[in-house]
Every structure is written in structure tokens, then in C-alpha cells.
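Each chain is listed here by its residues.
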Amino acid sequence: MKRQQSRLLETIQASEVCESDERVRYRVGDRQQEFHKDFPLILTIETSSYCNLKCVACPQKDLTRERSFMDPELFRKIVDEAARYDVRTWLHYMGEPLLHPQIFELLDYAKHSGLRHFGMSSNARILSEDRIERILDAGLTRFELSLDSLEPSLLGSLRPGGDPEEIIEHVHDFFRIKSARGQRHPITSISIRDLQENSAEAEAFADHWKDILQEPDFVLSLSFESWGGYASRDHAMFEVPDERRPCLKLWDTAIILSDGSLVGCNSMYDAQKVMGDVNTASIREIYDGPAYREMRERHIEGRACEIDLCRDCKDWYREYDPKQYKNLTAD
């Protein structure tokens, strides 16, 4: 893996490379990046592949793989391994984690496991006051509320399946209760996806929450993601350059689906290419295994188009774009 990492840095013309025993930090263009030498930097654990919304730009509603809740025993195995590394762990993927009947038991295990950074996202549809209190007690370092609009009709069209006004009210409830508790963590973001449909609202959206959020909470703008071509780029707010570069996700990310299948990026959301199975192998073994090495090699050599999942994918550019994640409430 280390030889491929060195070749990646050379291929992308990385600068300001700083290496420690565990990780490598570097700059590519205007973006600061890093990866672990032996383990994913970002680990996504799909606690639930069931969802209660049908968001227009999300492929969850069209999954062909079997939906499930992650088995708690498998979850504990994953967390036990991840806790040995300084990894950023997210406990959601293609589904709403609050639907998992044992989600708070899973959060409690993560809290006491030694994980240094673990977060979760919610669409806020079932974010009751009781669940808010339990989330605030769960030990999360990060929490994200996905909203996309404060206009009920637009929110309902972008994220159909719930009562938009109720969802907006739930988000307000969360910050009201967090503020009343005088609690700093989890650091919480309200995310708005940067789409053509809501582009005129972004500034007003941020201004609304500026008057409500307290440090260090913030509004997060996320650039458009096509999920490897699933979502039409008619939604997108940025252009992708013609010159293809290696996808950095292959060097910093692993996603574990609810059944234990490990995939390498969001283009594999439907388990189109499985890198390994954490029921029978460790994350580290899979991450340094033949499936990852083969994909990385093709990207380094400029042959990503030989991979069906990568051929028409434009999401690689998000890893080079300094505007992929933008704090809209920063001064």
C-alpha cells in the first residue's frame, strides 16, 4: 500500500507533504488532504439501510440489495477494530439510523469503545424530543441534520415522504434543547445540498440559522454528488474538468454496508463492487487487499475508465474541489 501511496502523491503533484508514523498530510491545489498509511481515514458504518424519505438525489429508494439493520454483534466487531485507529467514523449511509430499533444501544457501545471521533446524520423526520435528549447523551462528537430548504414546498419536493413543516420544527427543537442544556457536543451541522433548485435560498437559509446556532454548530453546504451517475447533473452547481485524476476516496475511505459488505466509495452504494466482507475479514485486511490495490493501480495509471463504476463518474472531482464542504455561518 505504501508504494501506491507514494505514487499517488507523485501523480497528483501533491505539495507540502508531511508524514508521521500513522498518516500523510498533503496539499493538492487549494485543498488540504490526508490519509492513514494502514487504515481508512474515514469509516462509514451503515447501521440501517432502511429510510423514511425518498430524496430525489439519493439512490436509497432504488436499492436492489437487501435492506437490513446492522446486527449489533457485527457492529461491535467493526467498532472494536476501528477504535485502535484515529479514524473518523460515521454511523449512517443509505438509510435513517434512528430507524434501527437498537440504535441507542449501538451508540452507547461506540461511546465506551475508545472511538475518538464518531458522528451520525439524521433527516429529522422522527426526531422527537425524547430522541433528541438521548442523542445529546450518546457521546457523539458530531451530529448532522440534513435539511436542504426552509421552504416547506421545496423541502417536500426535494425530500418527499414526510411532513416538511414538522421536519423543520424538529430541527428547531434540537437546537432549543441543546441550548437549554448548555451543551457543546456533539458539534452539530445543518446541511444544505448545493443544488440548482435551492441555490437562490442558500444565503437566507444560512442567515436564519445564524441567529439560532451557538458555537461551534454551523450550517454546512455540500456540493452535488451524482452517486456515480445515479443523480442527473442537471442538479449540479459546478463543472468538472476534462482531465481525469485519481479518485482520492480509494486512499482514505471505506464504507461498510448493513450486511457487512465493504465498498470503497459512494458509487458502490448498491454493492455493485464489494471489496470484502468484514464478517470474515478485518477492515485492515480488506483495505490493503487485492480489490483495493487493483482499483488504485488503474487510477494511478490513468486507466480509471476501464472500471465500469468509474467510467462515467464525475464525483472524483469533489475530492479536489475546495468548495465541497463549506461553512456558511463562518465569519
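Here is a short report on the structure shown in this document. (Residues numbered from 1 in each chain as written. Predicted model: local features only at pLDDT ≥ 70, side-chain atom pairs only at ≥ 80, totals over all residues. Heavy atoms only, no water.)

1. Digging into the overall build of the chain
Counting its secondary structure elements, the chain contains 11 helices and 13 strands. For the chain, the C-alpha radius of gyration of 19 Å lies close to 20 Å, the compact-globule estimate for 331 residues. Overall, the C-alpha framework of the chain stretches about 50 × 45 × 40 Å when taken along its three principal axes. With 331 residues in all, the chain has 56% of them scored as buried. A separation threshold of at least 6 residues defines the contact pool for the chain, and within that pool the share at least 24 residues apart is 71%. Counting 44 positive and 60 negative side-chain charges, the chain places the averaged centre of each group 4 Å from the other. (Helix = DSSP H or I, 4+ residues; strand = E, 2+ residues; numbered from the N terminus. Rg over C-alpha atoms; globule rule 2.2 N^0.38 Å. Buried < 20%, exposed > 50% of the residue type's maximum accessible area, 1.4 Å probe, protein only. Contact = heavy atoms within 4.5 Å. Lys, Arg positive; Asp, Glu negative; His and termini not counted. Charge placed at Lys NZ, Arg CZ, Asp CG, Glu CD.)

2. Describing helix α4 (residues 129–136)
Along α4, the residues that are buried comprise I132, I135 and L136. On an axial view of α4, the arc spanned by its buried residues comes to 95°, and they lie on one face. Buried-residue contacts for α4 involve α3 (103–111), β6 (117–122), β7 (142–146) and α6 (164–180). (Arc of directions from axis to C-beta.)

3. With respect to the sheet that holds strand β3 (residues 31–36)
Reading across from one edge, β1-β2-β3 is the order of the three strands in this open sheet, with antiparallel pairing throughout. Looking at which strands have only one partner, the edges of the open sheet turn out to be β1 (15–19) and β3. Strand-to-strand twist of the sheet, defined as the mean angle between neighbouring strand axes without regard to direction, takes the value 15°. Two elements, strand β2 (residues 23–28) and β3, share six bridges in a ladder whose sense is antiparallel. Pairing of R25 across the sheet is with E34, part of β3. (Pairing = 2+ DSSP bridges. Axes fitted to C-alpha atoms, helices over the stretch in contact; angles between N-to-C directions.)

4. A word on the pairing of β3
Within β3, five of the six residues are buried, leaving the element largely enclosed by the surrounding structure. Taking the residues between adjacent antiparallel strands as the criterion, β2 and β3 are bridged by two residues, where G29 takes a positive phi near 65°.

5. A few points about the nonpolar core
One finds L147 and W209 to be the most contacted residues of the largest nonpolar core, which totals 89 residues. Of the residues forming this core, the biggest block, six residues, is contributed by α6. Ignoring any residue separated from it by four or fewer positions in sequence, one finds W209 in contact with L147, L150, V171, H172, F175, I190 and V219. (Core = buried A, V, L, I, M, F, W, Y, C linked by side-chain atoms within 4.5 Å.)

6. Some details on the pattern of salt bridges
Within the structure shown, the criterion is met by 23 salt bridges. Salt-bridge contacts for R88 lead to E34; the nearest nitrogen and oxygen are separated by 2.7 Å. Pair noted here: R88 is in strand β5 (residues 88–90) and E34 is in strand β3, with a separation of 54 residues, a long-range link. R88 sits in the partly exposed class, given a relative accessible area of 35%. (Salt bridge = Lys/Arg side-chain N within 4 Å of Asp/Glu carboxyl O.)

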